[in-house]
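Working through the structure, step by step
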Amino acid sequence: IVFSGNGPSGICLSYLLSGYTPYFKRESLHPHPILQRKLEEAPEVSILDQDLDYLSEGLEGRSHSPVALLFDALQRPDTDFGGTAESVLTWWHEPDRAIPHLVLGRNAPGGAWHSIEGSMVTLSRGEWMGLPDLPFKEWLKQKRRGLRNNRATAEDIAQYYQHYVMKKGLQKNFKCSTVVTSVRKVSAESISNHTQRDLQENSDSLWNSNEQSTEVFQVDGFFKTVEGDKEPFSIYAENVVLATGTYDSPTWLGVKGENLSYVHHQLSALEEAVKTNSIGIMSDPVLIVGAGLTAADAILFAHHCNIPVIHVFRRRVSDPGLIFNQLPKMMYPEYHKVHQMMKEQTAACAGPYECYISLPEHHVLSFGKDKKCIIQDKNGCQKAYKISMALVLTGSNPNLSFLPNNGIDLAMNSDQPVNPKRNPIDIDPFTYECTQEKGLYALGPLAGDNFVRFVQGGALAVASSLLKKANKNPP
């Protein structure tokens, strides 16, 4: 089994496929009485071997995935109500149930968390960033650190994920500095006998001679050496898990001049410009496009450095779909401040915040070579603004160029590109196997699970499915 992607989804699945098996802790009491009753029916059977559909029935929460809600409820029973009840799971290491697998990733274990500015504070509470059987808070205590406002920095999380892989002995399954360039189905007969023999020897009972698969996946790519060389590889696997996240390709507006050198699509460009003193207090304003949390982080950063900002976004400030209208004020004071600025500091009426103008229900028409940007309001009125740099922070898309037709055929709507919020990969909700391609699984944002606390249920579903396929479930 090969996974593409070594972020939290890939790490959690590797843990479950390494023989670590969750059981209901007999003496524990879950606050959800129906779930408690179901868990008491067969405490000697691991959660991986139970009917996930039956266990998750009737659970409600902040995810659309029943299995994500189930695994979250088992690990953090009453966390949404501010409770700190312990997990009702106990973990047993059963090495005979391990399934050989390989986790491929560009970065160190932790995936995109290594690419995010280290001091950035997470949206989710710190304890929601943890992986099974090693609470994030406990790890942070060992570093003699506490959580700021219950939240953690990106640097802490990246380090925690690396520590988790070492502590749980998973490193032998991880191959970092790898780039996957192609995943495609090939017939088993087309593989040389030598390769088939290797596969059979290396995959335990996965390749039973009586029901040998007629097709396998060929995974091609290259490994980047310390010297900077690229060493190509080809791997054959009966099952492939896509866990690549969505941090790869920032969304473009598709307007004239967007490819000019002063227009950027990542927050790091602003940090770099401040570091090199190429912009400062006396510069023309920075244009920030977008109304999500990355745009808010950019506004906070610019505000902290006294850099003037023009903020353009398409929605109304009161739009219920705006993320700021969904966040509790007490827990997210800095994002609440940005939302206040967006409301009170429009071009039409000057507010209390210097160096910031909000342009709701506006959009960018074009960027000029003279660093003039044309912006249009909802009534069609246009205005030119002189800016020092532009940051287009309107989300990002997964890069699935390694799949046939960029993976579009796997999406819920196969006429549109895969998008974690609007058009995820179409999967079976209890196995996470792609409905259009058997043997191919999707995890995390690709399957519509966008928070670390909820990607783990997907890993539970995949592990349960793969154990059934490999006949490693006890009778």
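In this text, all values refer to a predicted model and were calculated from it rather than measured experimentally. (Residues numbered from 1 in each chain as written. Predicted model: local features only at pLDDT ≥ 70, side-chain atom pairs only at ≥ 80, totals over all residues. Heavy atoms only, no water.)

**Here we look at the side chain of N173**
Cut-off, in case you're wondering: Secondary structure elements follow DSSP: runs of H or I of four or more residues count as helices, runs of E of two or more count as strands, with numbering from the N terminus. Exposure is judged per residue with a 1.4 Å probe applied to protein chains only, and the accessible area is read against the type maximum: over 50% gives exposed, under 20% gives buried, and values in between give partly exposed.
The topology assignment puts N173 in the loop between α6 (154-167) and β7 (174-175). Given the relative accessible area of 8%, N173 is considered buried.

**Quick word on the packing of aromatic side chains**
Each aromatic ring pair is specified by the distance between its two centres and by the angle formed by the two planes. This is how it is decided: Ring geometry is summarised as follows: Phe, Tyr and Trp rings, the Trp one being its six-membered ring, pair when their centres sit within 6.5 Å, and such pairs are stacked at plane angles under 30 degrees, edge-to-face over 60 and tilted between the two.
If you walk through the whole model with that rule in mind, you get 8 aromatic pairs. Plain terms: the ring middles of F71 and W91 are 6.3 Å apart, the flat faces sit at 65° to each other, and that makes the pair edge-to-face. With a gap of 20 residues between them, F71 in helix α4 (residues 66-75) and W91 in strand β3 (residues 89-93) connect regions that are remote in the sequence. Taken as a pair, F71 and W91 share a single burial class, namely buried.

**Quick word on the confidence of the model for the chain**
Put simply, the test is: The predictor rates its confidence in each residue with pLDDT, a number between 0 and 100. Contact definition: two residues touch when any of their heavy atoms are within 4.5 Å.
Here the chain shows a mean pLDDT of 85. Residues at 70 or above account for 86%. Across residues 196-211 the pLDDT falls below 50, and counting only partners more than four positions away or on other chains, this stretch makes 22 contacts in the model.

**Re the side chain of S4**
In this fold, S4 is placed in strand β1 (residues 2-4). Setting aside chain neighbours within four positions, we find S4 in contact with L104, V180, V241, L242, A243, T244 and F402.

**Let's talk about the nonpolar core**
Let me state the cut-off plainly: Take the buried residues of types Ala, Val, Leu, Ile, Met, Phe, Trp, Tyr and Cys, join any two whose side-chain atoms come within 4.5 Å, and each joined set is a nonpolar core.
L13, V219, L242 and I425 are the most contacted members of the largest nonpolar core, which has 82 residues in total. The element that contributes the greatest number of residues to this core is helix α11 (residues 452-469), accounting for 9 residues. Not counting residues within four places of it along the chain, the set of residues in contact with I425 comprises L242, L410, A411, M412, V418, C434, A442, L446 and A447. Listed in part, the 31 residues of the second largest apolar core include A295, A298, F313 and L391.

**What about the sheet that holds strand β16 (residues 356-360)?**
As a reminder of what qualifies: A pair of strands is labelled paired if DSSP reports no fewer than 2 bridges between them. Helix axes use the C-alpha atoms of the stretch in contact, all axes being lines fitted to C-alpha atoms, and the angles between their N-to-C directions lie in the range 0 to 180 degrees.
Ordered by their spatial adjacency, 5 strands build an open sheet running β13-β20-β14-β15-β16, and the pairing between neighbours is parallel. The sheet is open, and its two edges are formed by β13 (263-264) and β16, each paired on a single side. For strand β14 (residues 286-289) and strand β20 (residues 389-392), the ladder comprises 4 bridges, and the chain directions are parallel. Within β20, the residue paired with I288 across the bridge is L391. Running over the sheet, helix α8 (residues 268-275) touches β13, β14 and β20 and is turned about 155° from β20. Most of the contacts of helix α10 (residues 333-344) go to β16, to which it runs at about 75°, and overall it touches β15 (309-313) and β16.

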